[in-house]
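Here's the letter readout for the chains.
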Amino acid sequence: MKSMIDRRLVLMVVTPLARAAISALVGYLASKGAPADQIEQLAAALGAGGVVAFNICWELVDRRKAVNKAEARLIDSLGLRGGPSV
């Protein structure tokens, strides 16, 4: 199941949730009297930063998975897998 999850699917789920959270933050700051232009800049920065952070994390996880698979294939090909001894 985990291998079927792709980046676009996660973004389709996470993006609306992140936008709702940013919108709530913007509403809260506006109610406290923060300047509108600064709030808009903050919302844009949070949105862009969130996408960048998500993509970096996704790439790091993908690379780690690839390394783990390569290590497992190497161990299998060398016959070093710990199995029953005869």
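Criteria and thresholds
- Residues numbered from 1 in each chain as written.
- Predicted model: local features only at pLDDT ≥ 70, side-chain atom pairs only at ≥ 80, totals over all residues.
- Heavy atoms only, no water.
- Patch = residues over 30% accessible without salt bridge, like charges linked within 9 Å, V, L, I, M, F, W, Y side chains within 5 Å.
- Areas by Shrake-Rupley, 256 points an atom, 1.4 Å probe, with all protein chains shown as cover.
- Salt bridge = Lys/Arg side-chain N within 4 Å of Asp/Glu carboxyl O.
- Helix = DSSP H or I, 4+ residues; strand = E, 2+ residues; numbered from the N terminus.
- Buried < 20%, exposed > 50% of the residue type's maximum accessible area, 1.4 Å probe, protein only.
- Expected span 1.5 Å × (residues − 1).
- Contact = heavy atoms within 4.5 Å.
- 1 Å grid on protein atoms, 1.4 Å probe; cavity = no way out; pocket = protein on both sides within 12 Å on 5 of 7 lines; lining within 4 Å.
- Points joined across faces, edges and corners; volume = space filled by probe spheres on them.

S.K.: Tell me what's going on with a nonpolar patch on the surface, and back it up with residues and numbers.
M.R.: Judged by side-chain polarity, Ile5, Leu9, Met12, Val13, Val14 and Leu17 come together as a nonpolar surface patch covering roughly 550 Å² of accessible area. Note that Ile5 resides in the segment before helix 1 (7–31). Taking the relative accessible area as the measure of exposure, Ile5 reaches 36% and is therefore partly exposed.

S.K.: I'd like a rundown of helix 2 (residues 36–78), residues and numbers included.
M.R.: The terminal C-alpha atoms of helix 2, which comprises 43 residues, lie 63 Å apart, in line with the 63 Å expected from a rise of 1.5 Å per residue. Those residues of helix 2 not exposed but buried are Ile39, Phe54 and Trp58. The elements touched by buried residues of helix 2 are helix 1. Positive phi appears at Gly79, one or two residues downstream of helix 2, with a value of about 70°.

S.K.: Describe the pattern of salt bridges, with residues and values.
M.R.: Enumeration according to the criterion identifies 1 salt bridge in this entry. Across the pair Arg64 and Glu71 runs a salt bridge, and its minimum N-O distance is 3.9 Å.

S.K.: Hey, could you go over the layout of surface pockets for me, with residue numbers and the actual values?
M.R.: Approximately 230 Å³ is the volume attributed to the largest pocket. Forming the walls of the largest pocket are Leu11, Val14, Thr15, Ala18, Arg19, Ile22, Ser23, Leu46, Gly47, Gly50, Val51 and Phe54. Elements represented by at least two residues in the lining of the largest pocket include exactly helix 1 and helix 2. With 7 residues, the top contributor of residues to the lining of the largest pocket is helix 1.

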